[in-house]
Amino acid sequence: MKPVPPATSLRRAPVQRRSAERLTRILDACADLLDEVGYDDLSTRAVAQRAGVPIGSVYRFFGNKRQMADALAQRNLERYAERVTARLAGARPGDWRAAMDAVLDEYLAMKRTAPGFSLVDFGNQIPVGVRQAEPNHRVADRLTELLSGYLGRTPDEDMSRIFLIAVETADTLVQLAFRVDLQGDPKVIDETRELLRAYLARVLD
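The rules behind these values
Residues numbered from 1 in each chain as written. Predicted model: local features only at pLDDT ≥ 70, side-chain atom pairs only at ≥ 80, totals over all residues. Heavy atoms only, no water. Helix = DSSP H or I, 4+ residues; strand = E, 2+ residues; numbered from the N terminus. Contact = heavy atoms within 4.5 Å. Areas by Shrake-Rupley, 256 points an atom, 1.4 Å probe, with all protein chains shown as cover. Polar contact = N/O pair within 3.5 Å; in protein donor to acceptor, adjacent residues only side chain to side chain. Buried < 20%, exposed > 50% of the residue type's maximum accessible area, 1.4 Å probe, protein only. Arc of directions from axis to C-beta. Core = buried A, V, L, I, M, F, W, Y, C linked by side-chain atoms within 4.5 Å.

Caption draft 1: Quick peek at the overall build of the protein chain. A count of helices and strands for the protein chain gives nine helices and zero strands. Ordered by position from the N terminus, the helices and strands of the protein chain form the series α-α-α-α-α-α-α-α-α. Across the protein chain, contacts joining residues at least 24 apart in sequence account for 64% of those joining residues at least 6 apart. Element-wise, carbon and sulfur atoms account for 50% of the exposed surface of the protein chain, whose accessible area totals about 10400 Å².

Printed below as a string of C-alpha cells:
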C-alpha cells in the first residue's frame, strides 16, 4: 500500500487498513484536482466526491484544504525519498555524482509526472504562489539522513549546510527551468547540474 503522511500532519491517524486506504484515496483525489482546477478552486467537498467517500471522512483527517495540501506535500517527500533510495540501490557507494544525479533527476521526474506536484511539491508553494524556505530545510535534512551512509559521511551540521545550499540552489534554478519551458528547459537544467557538480566537488571530493 502507498505510504501516507506521518500522523502529526493529520487530525486523526488511520488505524485500520480500510481507514489508511481511504486516506490514500483522499490525497490522490486532492492531487488530481489540484492539477485540474488549481488550489483556489479546490474544495473538501470536491475531494470527497472524487475520492468516493463521505465528506465526514475528509474532515476526520483534515480541517481544511490547506491541511490536505500540507499532507500531500509530506507524502511527496516520502515518495521522493523512496525513489532516490531505489535509484541508488544499484549505484557504487560513495559516488556523490551518482547521488546528485539521482536527487535531481527524481525531482524532475516527479515535477513532470506526479499529480499535484507542480503546485505543492514538498510544501514550498503552500499557499500556492508563495515560496517558503522551511520545506527546503526539511528536504535537506531528509537528504542528509538518506545519503550520509551512502556517501560514508557523518550527518553533521556541515553536511546539512552543504545539502541545504545545494537544495536551495537547485530549487531556484529548477523553478526557472519550468517557467521557461513547461517540461523544464533542458539547457537551464544542464547548467543547474553543472553548477551543482562544481559546488559539491569542492566540498565532497
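Next comes the rest of the write-up.
Caption draft 2: Just the side chain of Thr-44, in detail. Relative to the elements of secondary structure, Thr-44 occurs in helix H2 (residues 44–51). Separated by 2.8 Å, the side chains of Thr-44 and Tyr-59 make a polar contact. Discounting residues that sit within four places of it in the chain, Thr-44 has contacts with Ile-55, Val-58, Tyr-59, Asn-64, Lys-65 and Met-68.

Caption draft 3: Molecular detail of H2. Residues of H2 that are buried: Thr-44, Val-47, Ala-48 and Ala-51. All buried residues of H2 project into a common sector of 100° when viewed along the axis, lining one side. For H2, the exposed residues lying more than 90 degrees away from the buried face are Arg-45 and Gln-49. Packing partners of the buried residues in H2 comprise helix H1 (17–37), helix H3 (55–61) and helix H4 (65–88). Immediately beyond the C-terminal end of H2, within one or two residues, lies Gly-52, with a positive phi of roughly 70°.

Caption draft 4: Structural view of the nonpolar core. Judged by nonpolar contacts, the single largest core of 38 residues is most densely connected at Tyr-80, Leu-143, Leu-147, Leu-151 and Phe-163. Going through the elements one at a time, H4, helix H5 (96–113), helix H7 (134–151), helix H8 (157–180) and helix H9 (186–204) are the ones with two or more residues in this core. Beyond its immediate chain neighbours, meaning those up to four positions away, Leu-151 contacts Gly-94, Asp-95, Trp-96, Ala-99, Met-159 and Phe-163. With 22 residues, the next largest nonpolar core counts Ala-51, Val-53, Phe-61 and Met-68 among its residues.

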